[in-house]
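Listed below, chain by chain, are the residues.
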Amino acid sequence: MHIAILETGRINAEIADRFPRYPDMFRHLFAKTSGHNLTFTEVAVIDGVLPASVDDFDGYLITGSAAGVYDSYSWIPPLMSFIRAAYAADKPLVGICFGHQVIAHALGGHAEKWHGGWGLGVYDLALHNTPGWMPSCDSVKLIHIHQDQVTRLPEGATHLGSTDFCDNASFYIGDNVFCLQGHPEFERDYTAALMAARIDSMGATRVTAATQSLEAGHEGVTIAGWIVNFFTQHAASRAAAA
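Residues numbered from 1 in each chain as written. Predicted model: local features only at pLDDT ≥ 70, side-chain atom pairs only at ≥ 80, totals over all residues. Heavy atoms only, no water.

1. Quick look at the sheet that holds strand E3 (residues 59–62)
Heads up, the condition is: Two strands make a pair as long as DSSP finds a minimum of two bridges between them. Numbering of helices and strands starts at the N terminus; helices are DSSP runs of H or I of at least 4 residues and strands are runs of E of at least 2. An axis is simply a line fitted to the C-alpha atoms; with a helix, the fit covers only the stretch in contact. Between two such axes, the angle follows the N-to-C directions and lies from 0 to 180 degrees.
With respect to topology, nine strands assemble into an open sheet ordered E2-E1-E3-E4-E11-E10-E9-E6-E7, the strand pairing being mixed. In this open sheet, the two edge strands, each paired with only one partner strand, are strand E2 (39–43) and strand E7 (139–146). Between one strand axis and the next, the sheet turns through 25° on average, direction left out of account. Here E3 pairs with strand E4 (residues 93–96) via three bridges, running parallel. Note that in E4 the partner of Ile62 across the bridge is Gly95.

Encoded structure:
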């Protein structure tokens, strides 16, 4: 399967020379899983680029971003239109952080800046209603960095996971949408550096606690396996129905 990584954000300029770009973080993450046939091409949505057609790729993964769905960036409305077109065409969609929010928003849900401020560090993502591409699992540890939240799921969505800070931290729609507020692609050193770079806006007390939480580790590679299963099982089910 050929998956497009829709790049909607860039590394903070203060630390950009020390860490890989978001599409490369995802490539490195999926390289740690085994036995899949996924290939990846990045598309710089943040620069106003989108695939010419939803049929150009077999599926789509939308990255995180410093943007919010409510921002006035010129690339956000076309992205939302593309999401709706891809969903209507039964293309599998994965959303991570901003990707989670913008997919929910585009499909009739709602995302907004959260009144409680930043959710930072490793959270236990409590799971229920697990779909077929995931094993039955009570919870996973996942890195989160966000100040926006999905406050209303799209019609037809199944609530999958929540944290102590974010109720709608994961959802899916049938077998062609899978979204997560957290970041399976982030590593501990990058997360710590990003929070240190933004400590003035995030708050020193919150950043200190979140940095300490990173010592617990997280299960990003496990979640990457679920994403691989999501894409491959979608393709297998459509092939069987053809």
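2. Things to note about the nonpolar core
Cut-off, in case you're wondering: Grouping buried Ala, Val, Leu, Ile, Met, Phe, Trp, Tyr and Cys residues that are joined through side-chain atoms within 4.5 Å yields what is termed a nonpolar core. Burial classification: accessible surface area is computed with a 1.4 Å probe over protein chains only, and a residue below 20% of its type maximum counts as buried, one above 50% as exposed, and the rest as partly exposed. Residues are treated as being in contact if the distance between any of their heavy atoms lies within 4.5 Å.
Formed by 32 residues in total, the largest nonpolar core has its most connected members in Phe178 and Trp226. For this core, the secondary-structure elements that each account for two or more residues are strand E1 (2–6), helix H1 (22–31), E4, strand E6 (119–127), E7, strand E11 (177–180) and helix H7 (220–241). Beyond its immediate sequence surroundings of up to four residues, Trp226 is in contact with Leu127, Trp133, Met134, Pro135, Cys137, Val140 and Phe178. Ranked by size, the runner-up nonpolar core spans 31 residues in total, among them Phe57, Tyr60, Trp75 and Phe98.

3. Digging into the packing of aromatic side chains
Quick reminder of the rule: Pairing of aromatic rings covers Phe, Tyr and Trp, the last through its six-membered ring, and needs centres within 6.5 Å; plane angles under 30 degrees mean stacked, over 60 mean edge-to-face, and all others mean tilted.
In the structure shown here, the tally under the stated rule is 16 aromatic pairs. Note on Phe19 and Tyr190: the rings are 5.2 Å apart at their centroids and 75° apart in plane angle, and the pair reads as edge-to-face. Here Phe19 is found in the loop between E1 and H1, whereas its partner Tyr190 is found in helix H4 (residues 188–197), with 171 residues between them in sequence. Each member of the pair, Phe19 as well as Tyr190, carries the same accessibility label: buried. With a centroid separation of 5.9 Å and 50° between ring planes, the pair formed by Phe178 and Phe230 is classed as tilted. Taken together, the residues span a long stretch of sequence, with Phe178 in strand E11 and Phe230 in helix H7 at a distance of 52 residues. For Phe178, a relative accessible area of 2% corresponds to the buried category.

4. Focus on the layout of surface pockets
Operational definition: We place a 1 Å grid over just the protein atoms. Points where a 1.4 Å probe fits but has no way out form a cavity, open points with protein on both sides within 12 Å along at least 5 of 7 lines form a pocket, and any residue with an atom within 4 Å of a point lines it. Grid points are joined across faces, edges and corners, and a volume is the space filled by probe spheres set on the points.
Space inside the largest pocket adds up to approximately 440 Å³. As for the largest pocket, its lining consists of 28 residues, and the residues nearest its centre are Tyr22, Ser65, Ala66, Ala67 and Arg198. Broken down by secondary-structure element, the contributors of at least two residues to the lining of the largest pocket are helix H3 (98–106), E7 and H4.

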